[in-house]
Amino acid sequence: MSDAPIPKPSTGHPAHPGRSMIASAMIGLIAGIDNLGNGLAIAALLFTGPLAAGLGAGVGVVLLSAAILALLVALRSTQPNSVALVQETGVAILASTVATMAAGLEDAPEGVRIATAFAILGGSTLVTGLLFWMVGRLRLGRLVRFFPYPVVAGFLAGSGWLLVEGALAMVSGRHGLGAGIAGLAAPMVAVTAVAAVGLAGLLVLAMRRSDSPFTMPLVLLATALAFHAGLPLLGVTAEQARGWGWLPGVAGGGGFSLPVPTEVLALADWGRVAAALPAMVSVAVLGMLGLLLNVSGIELAQGRDIDADAELRSTGAANLLAGALGGPSGYVGLGMTLLAGRMGATGRGAGLATAAVILGGLFVAGWLVSVTPVFLTAGLILFLGVELLQEWLIDAHRRLPRTEWLIVLAVVLAIAGIGFMEGLALGLAVSLAMFVYSYSRLPVIRGRHSGAELRSRVDRSPAASLHLTGAGAAIEAMQVQGYLFFGTAEQIVGPVRDRLERAGGQTGGQTGAQPLRFLIIDFRHIKGMDSAAAGVFRRIRNMIEAAGATLVLSALPAAVEDAFRNCGLDPDRDPVLRRAPDLDHALESCEEALLAGNGAGLAGADAPLLRHLEAMTGPHPRLADAVAALDTLHLEPDEVLIRAGEAASDVFIVGRGRVKVQIALPDGRSLRLRTMTAGAVVGEIALLLGQTRGADVVVETPATIHRLTAATLARLEREDPELALVLHRILATTLAQKVTLANRLIEQAAG
């Protein structure tokens, strides 16, 4: 249902109790009159043509449902001044479904058709109420907002088209676009159609020019009065107008009628009701989206959080009661609720007053039905449909990207040409395809580095580092990210194939790359993977095996490992595969294999300290004296060489073995920062800057450590400046190497 226009905000001062009561009464009058007019139009939309005999009961049940919704939502909503309305978007879908049902039961008795229509209408509201309540009970309200926006816009615009078709059916008495247009050939039908179009145009102009909530009721009232005043001037009686189809063909009783539940249960064709279930579910889903969009709008406008799940539960309960009576569904109206707040209605009086006005209108519902011109209800429905098309199709062209707007257009065309459910399926299918296409274009490879560029956090001897500078190109490290599925996993195959093809060949006139020995794929930033992506990795595994290389799987999540095993990849038993806890350990193991194969790693580890220092700084006649100035320590695994927080009074050079630099995490675990092998210098930064130790250094393997104390360095600076300079040069060279490595890591991270 279209809300009244929203006036400009008030000053925002707290409302006086008396003013709040007056404001609530005004809102009740405005919303009640709006509901009465729209209730007549909605009932006329549903009960037209072969269902026209049910119009009186249809008006009664629509208005009673509107009163129930307004009353219960006002009493139970977390937003006190909420005003609930029957919403026309869902009714537009049901009107098409009911018309199809009536056409299928053309030979059935009139009572069967009408009872089936009420069963479909009430069943849809029951499904809506149940869905609202369940989603609210499970606290899933926020998740529904992830529904594709173009599809929602397409549904709303498509509902507008169904309202336009419904207005044509109300005028012509025939359902279907072609049949309705053909019916306009009758002169009296054509007159009614022209009047309906004129009224819709007048409403469009009036609503564009005025912000007053009284605009629409006044236009409708003035039009109805002008019609009845004009009949005598034209010499036309009410009976003649009724015979020509200008007035409804019902008696003008003053009260109202309702469908009898037992008759509906006994007469309804429940096979046809079951066939309408997909449309009922569509109405429920669209209603839930509408409710949540309105709640979001109220939150934004009033600057307060609203419990969407609580709103779903309370509105669901109201719809369950309305559905049990056979009425249409509804929920809180955005415009009326905001209008209530801006006029100063702070309590629950606005909704209660709305319900009271609607209930009062029920007692004159029969008379209202008999005197309301057909063109007036048809024009109002046409106006509502045009407004939806304008907002969600035409105006959306300026708001949405071209591809998303084309989805909206496709949904509308499918609804208009095939049917609502087909439009729903098309919109979801196209949105899914667009999502897959867009997501598949996101880069899945976070970074690619050669082992000559990207090193493990292991400080090695100069000889070993020099060897890895060249031989490290046999290692290729690839970091992947996101969610791997059939649309993104293929991005990994191309670079792997390119790397293997470049090995040993000619590319662009340049010598081919070094043969690949290790391909590391790091899964640290992977969120998940489907079976199709696992199949892609099986292809990569076969490519690596054909090249005689090894595939190293780093930081493999349990879900990804399960997907691998399901497609026949076993990281623990497959000789081509190897796993590593993280990228650093993967690089370390590959580097160790390259050094062991060449002998550089072992020779570098066994070399005397003097050779390590010569490789670091170059030959110098005082290097032997520098070694002699150092103390020698022999340590066993797990002994602590440096403890975090201690004062720095010495620096260490690893002669043989390995030590690791680590920090303690808040959960008690230790995180390795670096591993130091023979020739590495440890602790020089804290010593030179006069700081306390920032991390623990723990022995990993039996090690020989050479120590330079601060006291020794200070004594040499006084007694042997040349030797002190040599030691400072060793420390400076070590610092320069570490700064170079840090800069390279920063460049890789930034790239």
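Residues numbered from 1 in each chain as written. Predicted model: local features only at pLDDT ≥ 70, side-chain atom pairs only at ≥ 80, totals over all residues. Heavy atoms only, no water.

In this structure, what is going on with the overall build of the protein? I would like to understand it.
Broken down by element type, the protein carries 31 helices and 18 strands. Burial analysis of the protein (751 residues in total) assigns 51% to the buried set. For the protein, the proportion of contacts with a sequence separation of at least 24, taken over those separated by at least 6, is 81%. Carbon together with sulfur atoms contributes 62% to the accessible area of the protein, which is approximately 32700 Å² in total. (Helix = DSSP H or I, 4+ residues; strand = E, 2+ residues; numbered from the N terminus. Buried < 20%, exposed > 50% of the residue type's maximum accessible area, 1.4 Å probe, protein only. Contact = heavy atoms within 4.5 Å. Areas by Shrake-Rupley, 256 points an atom, 1.4 Å probe, with all protein chains shown as cover.)

Just checking my understanding: could you explain the sheet that holds strand β4 (residues 458–459) for this structure?
Sheet strands pair via backbone hydrogen bonds, and the direction of the pair is either parallel or antiparallel. Ordered by their spatial adjacency, five strands build an open sheet running β4-β15-β14-β17-β12, and the pairing between neighbours is mixed. The open sheet is flanked by β4 and β12 (640–642), the only strands paired with a single partner. In terms of strand pairing, strand β14 (residues 659–664) meets strand β17 (residues 696–699) through four bridges, oriented antiparallel. Its bridge partner lying in β17, Lys-660 is registered against Val-698. (Pairing = 2+ DSSP bridges.)

I would appreciate a short explanation of the environment of Val-219 in the present structure.
Structurally, Val-219 is set in helix α8 (residues 215–233). The buried category is assigned to Val-219, whose relative accessible area is 15%. Distance from Val-219 to Leu-199, taken between C-alpha atoms, is 8.8 Å for residues 20 residues apart in sequence.

What's the story with the environment of Ala-629 in this structure? I'm lost.
Tracing the backbone shows Ala-629 in the loop between α28 (623–628) and β11 (631–635). What makes Ala-629 buried here is its relative accessible area of 18%. The sequence separation of Ala-629 and Leu-727 amounts to 98 residues, and the corresponding C-alpha distance is 9.6 Å.

Just checking my understanding: could you explain the packing of aromatic side chains for this structure?
Within a pair of aromatic rings, the relevant descriptors are the distance that separates the centres and the angle that separates the planes. Counted according to the given criterion, the structure contains seven aromatic pairs. Taken together, the ring pairs connect Phe-523, Phe-537 and Phe-564 into an aromatic cluster. Between Arg-399 and the ring centre of Trp-392, over which it is positioned, the NZ or CZ distance is 5.8 Å. (Phe/Tyr/Trp six-rings, centres within 6.5 Å; stacked < 30°, edge-to-face > 60°. Lys NZ or Arg CZ within 6 Å of the ring centre and 35° of its normal.)

Honestly, the sheet that holds strand β18 (residues 703–709) in this entry has me stumped. Any pointers?
One open sheet accounts for four strands, arranged β11-β18-β13-β16; its pairing is antiparallel. Lying at the two open borders of the sheet, with one neighbouring strand each, are β11 and β16 (681–682). Relative to β18, strand β13 (residues 650–656) is paired through six bridges, and the arrangement is antiparallel. Its bridge partner lying in β18, Asp-650 is registered against Thr-709. Seen against the sheet, helix α30 (residues 710–719) touches β13 and β18 and runs at an angle of roughly 50 degrees to β18. (Axes fitted to C-alpha atoms, helices over the stretch in contact; angles between N-to-C directions.)

What should I look at first to understand the pattern of salt bridges in this one?
Think of it this way: side chains of opposite charge can pair up when their charged atoms draw near. Within this structure, the stated rule accounts for 30 salt bridges. Of the charged contacts, one joins Glu-700 and Arg-658 as a salt bridge, the two residues approaching to 3.4 Å between their closest N and O atoms. With Glu-700 in the loop between β17 and β18 and Arg-658 in the loop between β13 and β14, this pair connects stretches of sequence that are 42 residues apart. Under the relative-accessibility criterion, Glu-700 is labelled partly exposed at 28%. (Salt bridge = Lys/Arg side-chain N within 4 Å of Asp/Glu carboxyl O.)

Could you clarify how one ought to interpret helix α19 (residues 402–417) in this entry?
The α-helix winds at 3.6 residues per turn, so residues separated by three or four positions along the chain end up facing the same way. If you check α19, its first and last C-alpha atoms are 22 Å apart, about what 16 residues at 1.5 Å a residue would give, namely 22 Å. Where α19 is concerned, the buried positions are Trp-405, Ile-407, Val-408, Val-411, Val-412, Ala-414 and Ile-415. (Expected span 1.5 Å × (residues − 1).)

So what exactly am I meant to see when it comes to the packing of helix α22 (residues 490–502) against helix α23 (residues 531–546) here?
Angle between the axes and distance between the axes: these two values describe a pair of packed helices. One way to put it is that α22 packs onto α23 with a least axis distance of 10 Å and a crossing angle of 5 degrees. Considering their axes alone, α22 and α23 lie roughly parallel with respect to each other. For the pair α22 and α23, contact is made by Glu-490, Ile-492, Val-493, Val-496, Arg-497 and Leu-500 and by Val-536, Phe-537, Arg-539, Ile-540, Met-543 and Ile-544, respectively. Taken together, the residues that form the contact of α22 with α23 break down as nine nonpolar, no polar and three charged. (Parallel < 35°, antiparallel > 145°, perpendicular 65-115°, else oblique. Nonpolar A, V, L, I, M, F, W, Y, C, P; charged D, E, K, R; others polar.)

Hey, could you run me through the side chain of Arg-658 in this one?
Classification of Arg-658 as buried rests on a relative accessible area of 17%. Separated by 3.2 Å, the side chains of Arg-658 and Glu-592 make a polar contact. Sequence-distant contacts of Arg-658, defined by excluding residues within four places in its chain, comprise Glu-588, Glu-592, Thr-675, Met-676, Thr-677, Val-699, Glu-700, Thr-701 and Ala-703. (Polar contact = N/O pair within 3.5 Å; in protein donor to acceptor, adjacent residues only side chain to side chain.)

I'm lost on the confidence of the model for the protein in this one. Help?
A low pLDDT means the predicted coordinates there should not be read in detail. The pLDDT averaged across the protein works out to 83; a share of 90% of its residues lies at or above 70. Of the regions scoring below 50 in pLDDT, residues 4–15 engages in 19 contacts with residues more than four places distant in sequence or in other chains. Across residues 505–511, confidence stays below pLDDT 50; counting only partners more than four residues off in sequence or on other chains, it has five contacts. (pLDDT = per-residue confidence, 0-100.)

For this particular structure, what's the right way to read the pairing of strand β15 (residues 670–676)?
The side chains of a regular strand alternate, first on one face of the sheet and then on the other. Inspection of the sheet shows β4 paired to β15 by two bridges, in the parallel sense. When the sheet's bridge partners are listed, Val-458 is paired in β15 with Thr-675. In terms of strand pairing, β14 meets β15 through six bridges, oriented antiparallel. Each residue of the ladder has a partner; that of Ile-663, found in β15, is Leu-671.

Please clarify how a nonpolar patch on the surface should be interpreted in this entry.
A contiguous nonpolar surface patch, about 410 Å² in accessible area, is contributed by Leu-126, Leu-130, Trp-133, Met-134 and Leu-320. For the nonpolar patch, the element with the most residues is helix α4 (residues 110–137), which contributes four residues. For Met-134, the location among the structural elements is in helix α4. Judged by its relative accessible area of 39%, Met-134 is partly exposed. (Patch = residues over 30% accessible without salt bridge, like charges linked within 9 Å, V, L, I, M, F, W, Y side chains within 5 Å.)

I tried to follow unusual backbone geometry on my own but got confused; where do I start?
Excluding glycine, most residues fall at negative phi; most peptide bonds, likewise, are trans. A positive phi angle, close to 50 degrees, is found at Ala-555, a residue other than glycine. Within the fold, Ala-555 resides in the loop between β9 (550–554) and α24 (558–566).

Whenever I open this one, α24 confuses me. Can you help?
Buried within α24 are the following residues: Val-560, Glu-561, Ala-563 and Phe-564. Each buried residue of α24 lies within a common arc of 160 degrees when the element is viewed along its axis, so the set occupies one face. Among the exposed residues of α24, those oriented more than 90 degrees off its buried face are Ala-558, Ala-559 and Asn-566. Buried residues along α24 sit against β8 (518–529), α23, β9 and β10 (577–580). Of the residues flanking the end of α24, it is Gly-568, one or two places downstream, whose phi is positive at about 95 degrees. (Arc of directions from axis to C-beta.)

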